[in-house]
Amino acid sequence: MAANARAISFELNGESVAALAKPLETLQSVLREQLGMTGTKAGCRQGGCGSCTVHVDGEPTLSCLVPVEHVADREVTTIEGLGSAEEPSPLQAAFHEGFATQCGFCSPGMIAVASALLERNPDPTPEEIGEALAGNVCRCTGIAPIIAAVEDAAARMREGEEVRT
Amino acid sequence: MSAEPGRRAGGGNGKPFDVVGRTHERREARGHVTGSTVYIDDVSYPRMCHMKAVRSPVPHARVNGIDFSEAEKVPGYVTGLTADDVPKNVYTILCLIGVEPDEENVLAEERVRYVGEPIAVVVCETEEAAFEAAAKVKLDLEELPAVFDVEEALESDAPIVTHWGTNYFVYEGHHCRRVRYGDAPAAREQADRVISGRYQLSPIEHAPVEPTGCIAKPEADGRVTVHTNTQAIFFSLDNTAIILQCPPHKLRFVGGTVGGGFGGKVDVIVEPLATLAAMKTGRPIKYVYTREEEMQVSSTRSASRLYVTDGVNDDGTIVSREVTTYHDAGAYSRHSPYGCTKHAANAAGPYTIPNVSVDVHCVYTNRTPSSAMRGFGVTEASFALEMQMDRVARELGVDPWELRLRHAYRNGDDRPYRKTTEDATLVETIQAAAELAGVELSAELRAMSSDDRAGKGVAG
């Protein structure tokens, strides 16, 4: 590790973590390479595809463009913090059951953006969902089932329960 | 889960059918939505090195020299590879099914033939060092005239791309892939009119969200484990074994999780070099494309140009179809010779036309190699021929639905490539499409079926 590396600490999925970061090392690199949080994907590493989106203090953020210093002492939530295979979030369940994931590579970023949207707007229109997801590239599933899954998740969350179809 | 009555028909093994009409969980999807699916980029090993390619900045050049001296000074530099290090440096992917000749260099030898062609690779301790070292490899290139257009490439004074002296693939001694059925030129002469069109596709990049790549890890028993996102794992394993001239059992390929492919991850490009470097250094090697490489270097759908000439009678019958296609393979064959054969078989469209003549030229240019992509060969034909069907309908003043339904192939029809049609569903598919589109077909057209020859042609 370079001599000019800095120790950065932040809260990751509710736990305090620390990393020794090289100058300008991205949040994406620290999450994936140092902390093993590989659910955050690297599709372009230039802010173009959205697959690396995480929450920083609840706001969707492109982790490939953010130096990790930026999140010092802040709260970072990755796809691993939004739910688990055993206890998926309503969005994860809706994506799963609604076939809103195909190759799956864009799904963590899609779900990160959609969950932030539903925090601010519990009943978005399809247009609002499409606008929120405009920075996330899906190459195989198609945007229609993804928008439908977000609507489905919003309905589940408003009703406070999972509505299985 | 118990089957409903009527679903119980069962296959040969007596098990009930219980899949159609029900929702079934995709087994891998739970991992996809929770971020726990492991893609190749998520695999890491201690002491893993990173590989990056040194690529041609020009479309056609003689390679006079490669100088690693500045790259070797980059902290973390481990090694570099050139064509001299590759046991069998000249290959073609479809050698596995007998396609010849071997013609693509794993790493360029005396010439580069497209922008981005790999000339050397560097291996470094970190990805940053690998980028820096690759940028510091000095190339002595002597630029040559290049050709980018399929028809210009076939002119007598065109720069020659291939090593065998013509810019086309040779099919069993012929300069193009041909289909002859009936006598199309004679039928055209007799037809009431001739309707022609020129159709051009642009190359299309697959643009998977997950870039192409692999990780090759040497094992203590002398084998190499390769984690790859290939769509064709045995193509990759077999070609890697051939290129490295090693027994296939020395290689263990792990795959199956692909972050988008669409045919773009069928070529065998990254595995041989990563495996070679792993064998040479004894260390795990990661070789993953950047987004720029994915867009610039990975293969595309071919830019095909089609000339379609139909002999048509005023009663609305297409009596002949002649198709000449120039398929842009780019600089190397990859899957293009095979794609052109598929194209030739389908170049009359899914229509029964009594006289067909097809010439498909698989042409080499100094563009990015084209290769497999979703129905390649056939899709290009469909694009052009459906536009041609609309053109014919427009010029004759007939309904395009009717023109298609009258010519749609039926069970029992001979195809131009000498196969008898079985299990056709085109008539029914067009009828269903019309209904979905809100198009009212006449009673005569609605009564047509794939088993009914009566609807064929006005005189039929």
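Residues numbered from 1 in each chain as written. Chains lettered and ligands numbered in written order. Predicted model: local features only at pLDDT ≥ 70, side-chain atom pairs only at ≥ 80, totals over all residues.

### Some remarks on the overall build of chain A
For clarity, the cut-off: Secondary structure elements follow DSSP: runs of H or I no shorter than four residues count as helices, runs of E no shorter than two count as strands, and numbering proceeds from the N terminus. In this treatment the radius of gyration is a C-alpha quantity, and the globule benchmark scales as 2.2 Å times the residue count to the 0.38 power. Any two residues are considered in contact once their C-beta atoms, placed from the backbone, lie within 7 Å.
Broken down by element type, chain A carries 6 helices and 5 strands. A compact globule built from 165 residues should have a C-alpha radius of gyration of about 15 Å, and chain A, at 16 Å, falls within 12% of that. Projected onto its principal axes, the C-alpha positions of chain A cover 55 × 30 × 25 Å. Long-range pairs, those at least 24 residues apart, make up 58% of the contacts in chain A with a sequence separation of at least 6.

### Observations concerning the sheet that holds strand 14 (residues 251-254) of chain B
Residues and elements named next belong to chain B. Operational definition: Two strands pair if DSSP finds at least two bridges between them. To define axes, lines are fitted to C-alpha atoms, for helices over the stretch in contact only, and angles between the resulting N-to-C directions are given on a 0 to 180 degree scale.
With mixed pairing, 7 strands are arranged side by side in an open sheet as 3-7-1-15-12-13-14. Unpaired on one side and paired on the other, strand 3 (77-81) and strand 14 mark the two borders of the sheet. Pairs of neighbouring strands in the sheet enclose a mean axial angle of 25 degrees, with direction left out of account. Contacting strand 13 (224-228) and strand 14, helix 4 (residues 233-244) runs over the sheet at an angle of about 155 degrees to strand 14. Most of the contacts of helix 5 (residues 271-281) go to strand 12 (residues 213-218), to which it runs at about 25 degrees, and overall it touches strand 1 (49-55), strand 3, strand 7 (118-124), strand 12, strand 13, strand 14 and strand 15 (285-288).

### Comments concerning the interface of chain B and chain A
To be explicit about the condition: Nonpolar residues are Ala, Val, Leu, Ile, Met, Phe, Trp, Tyr, Cys and Pro. Charged residues are Asp, Glu, Lys and Arg, and all others, Gly as well, are polar.
Contact with chain B, which involves 20 residues of that partner, is made by 31 residues of chain A. A total of 6 residues in the side of chain B that touches chain A trace back to one element, the largest contributor, which is helix 1 (residues 29-34) of chain B. Grouping the amino acids of the side of chain B that touches chain A by side-chain chemistry returns 7 nonpolar, 8 polar and 5 charged.

### With respect to the confidence of the model for chain B
Residue and element names in this part refer to chain B. Test applied: For every residue, the predictor reports its confidence as pLDDT, a number between 0 and 100.
With 96% of its residues at a pLDDT of 70 or more, chain B has an overall mean of 94. Scored below 50 in pLDDT, residues 1-7 shows 8 contacts in the model against residues more than four places distant or in partner chains. Scored below 50 in pLDDT, residues 454-460 shows 14 contacts in the model against residues more than four places distant or in partner chains.

### Brief notes about the domain arrangement of chain B
All names here are of chain B. Heads up, the condition is: What fixes the domain bounds is an automatic or database domain assignment.
Domain assignment breaks chain B into domain 1 (49-143), domain 2 (177-203 + 299-446) and domain 3 (213-296). If you average the C-alpha positions of domain 1 and of domain 3, the two centres end up 16 Å apart. Listed by partner, the interface residues are 19 residues for domain 1 and 22 residues for domain 3. Elements supplying a minimum of two residues to the side of domain 1 that touches domain 3: strand 1, strand 3 and strand 7.

### Comments concerning helix 8 (residues 378-396) of chain B
Residues and elements named next belong to chain B. The criterion, for reference: To estimate the expected span of a helix, count its residues, drop one, and scale the result by 1.5 Å. Here exposure depends only on C-beta density: within 10 Å of a residue's C-beta, 20 or more other C-beta atoms make it buried, 12 or fewer make it exposed, and intermediate numbers make it partly exposed, the C-beta atoms being placed from the backbone.
The end-to-end C-alpha distance of helix 8, which contains 19 residues, comes to 26 Å, matching closely the 27 Å that a straight helix rising 1.5 Å per residue would cover. For helix 8, every residue scored as buried is listed here: Thr379, Glu380, Ala381, Ala384, Leu385, Gln388, Val392 and Leu396. Next to the buried residues of helix 8 lie strand 10 (193-200), strand 17 (303-312), strand 18 (318-330), helix 7 (336-346) and helix 9 (400-407).

### Remarks on the domain arrangement of chain A
Residue and element names in this part refer to chain A. What the domain assignment lists for chain A is domain 1 (6-81) and domain 2 (83-159). Between the C-alpha centres of domain 1 and domain 2 there is a distance of 21 Å. Opposite the 15 residues of domain 1 that make contact, domain 2 presents 12 residues. Listed by contribution, the elements that provide at least two residues to the side of domain 1 that touches domain 2 are strand 3 (53-56) and strand 4 (59-62). Of all the elements, strand 3 adds the most residues to the side of domain 1 that touches domain 2, at 3 residues. Classifying every residue of the side of domain 1 that touches domain 2 gives 5 nonpolar, 8 polar and 2 charged.

### Some words on the sheet that holds strand 10 of chain B
All names here are of chain B. Reading across the sheet, the 5 strands line up as 9-19-18-17-10 and stay open at both edges, with mixed pairing between neighbours. Both outer strands of the open sheet, strand 9 (177-181) and strand 10, are each paired with one neighbouring strand and no more. Between one strand axis and the next, the sheet turns by 5 degrees as a mean value, whatever way the strands run. Alignment of strand 17 against strand 18, held across 10 bridges, turns out to be antiparallel. Bridge pairing links Asp310 to Arg321 in strand 18.

### Digging into the pairing of strand 1 (residues 6-12) of chain A
Residues and elements named next belong to chain A. Of the pairings in the sheet, the one linking strand 1 to strand 2 (residues 15-21) comprises 7 bridges and is antiparallel in character. By the bridge assignment for strand 2, Ser9 is matched with Ala18. The loop that links strand 1 with its antiparallel partner strand 2 comprises 2 residues; one of these, Asn13, has a positive phi angle of about 50 degrees. Relative to strand 5 (residues 75-77), strand 1 runs parallel, the two being bridged by 2 bridges. By the bridge assignment for strand 5, Glu11 is matched with Glu75.

### Here's the deal with the packing of helix 4 of chain B against helix 5 of chain B
Residue and element names in this part refer to chain B. Stated formally: Throughout, the term roughly parallel applies to angles under 35 degrees, roughly antiparallel to angles over 145, roughly perpendicular to angles from 65 to 115, and oblique to all others. Left-handed describes a crossing whose near helix is turned anticlockwise from the far helix by less than a right angle; the clockwise case is right-handed.
Contact geometry of helix 4 with helix 5 gives a least axis separation of 9 Å together with a crossing angle of 55 degrees. Taken together, helix 4 and helix 5 sit at an angle that is classed as oblique. Once helix 4 is placed against helix 5, the crossing between them reads as right-handed. In this structure, helix 4 contributes Ser236, Asn239, Thr240, Ile243 and Leu244 to the contact, and helix 5 contributes Glu271, Pro272, Thr275 and Leu276. In terms of residue class, the contact of helix 4 with helix 5 is built from 4 nonpolar, 4 polar and 1 charged.

### Description of unusual backbone geometry
A cis amide bond links B:Glu100 to the next residue, B:Pro101, at an omega of 0 degrees. Looking at where B:Pro101 falls in the secondary structure, it is placed in the loop between strand 4 (90-91) and strand 5 (104-105). Notably, A:Leu24 is not glycine yet its phi reads approximately 65 degrees, a positive angle. Mapped onto the secondary structure, A:Leu24 falls in the loop between strand 2 and helix 1 (27-34). Given 9 C-beta atoms within a 10 Å radius, A:Leu24 is considered exposed. The phi dihedral of B:Ala207 falls on the positive side, at around 50 degrees, and the residue is not glycine. Tracing the sequence through the fold places B:Ala207 in the loop between strand 11 (204-205) and strand 12.

### Section: the environment of A:Gly160
Summarising the element assignment, A:Gly160 is placed in the segment after helix 6 (143-159). For A:Gly160 and A:Pro90, which are 70 residues apart along the polypeptide, the C-alpha to C-alpha distance reads 9.5 Å.

### Examining helix 5 of chain B
All names here are of chain B. Most of helix 5 sits out of view: 8 of its 11 residues are buried. Taken together, the buried positions of helix 5 are occupied by Glu271, Pro272, Leu273, Ala274, Thr275, Leu276, Ala277 and Ala278. Phi turns positive, to about 75 degrees, at Gly282, one or two residues after helix 5.

### Observations concerning the environment of A:Gly142
Residue and element names in this part refer to chain A. By the element assignment, Gly142 lies in the loop between helix 5 (126-132) and helix 6. The class for Gly142 is exposed, based on 12 C-beta atoms found within 10 Å. Separated by 62 residues in the primary sequence, Gly142 and Glu80 have C-alpha atoms spaced 24 Å apart.

### As for the packing of helix 4 (residues 107-120) of chain A against helix 6 of chain A
Residues and elements named next belong to chain A. Running from N to C, helix 4 and helix 6 point in directions that differ by 40 degrees, and their axes come no closer than 11 Å. Taken as axis vectors, helix 4 and helix 6 run oblique relative to one another. Where helix 4 crosses over helix 6, the handedness of that crossing is right-handed. Listed contacts from helix 6 to Met110, Ala114 and Leu118 of helix 4 are Ile146, Val150, Ala153, Ala154 and Met157. Taken together, the residues of the contact of helix 4 with helix 6 sort by class into 8 nonpolar, no polar and no charged.

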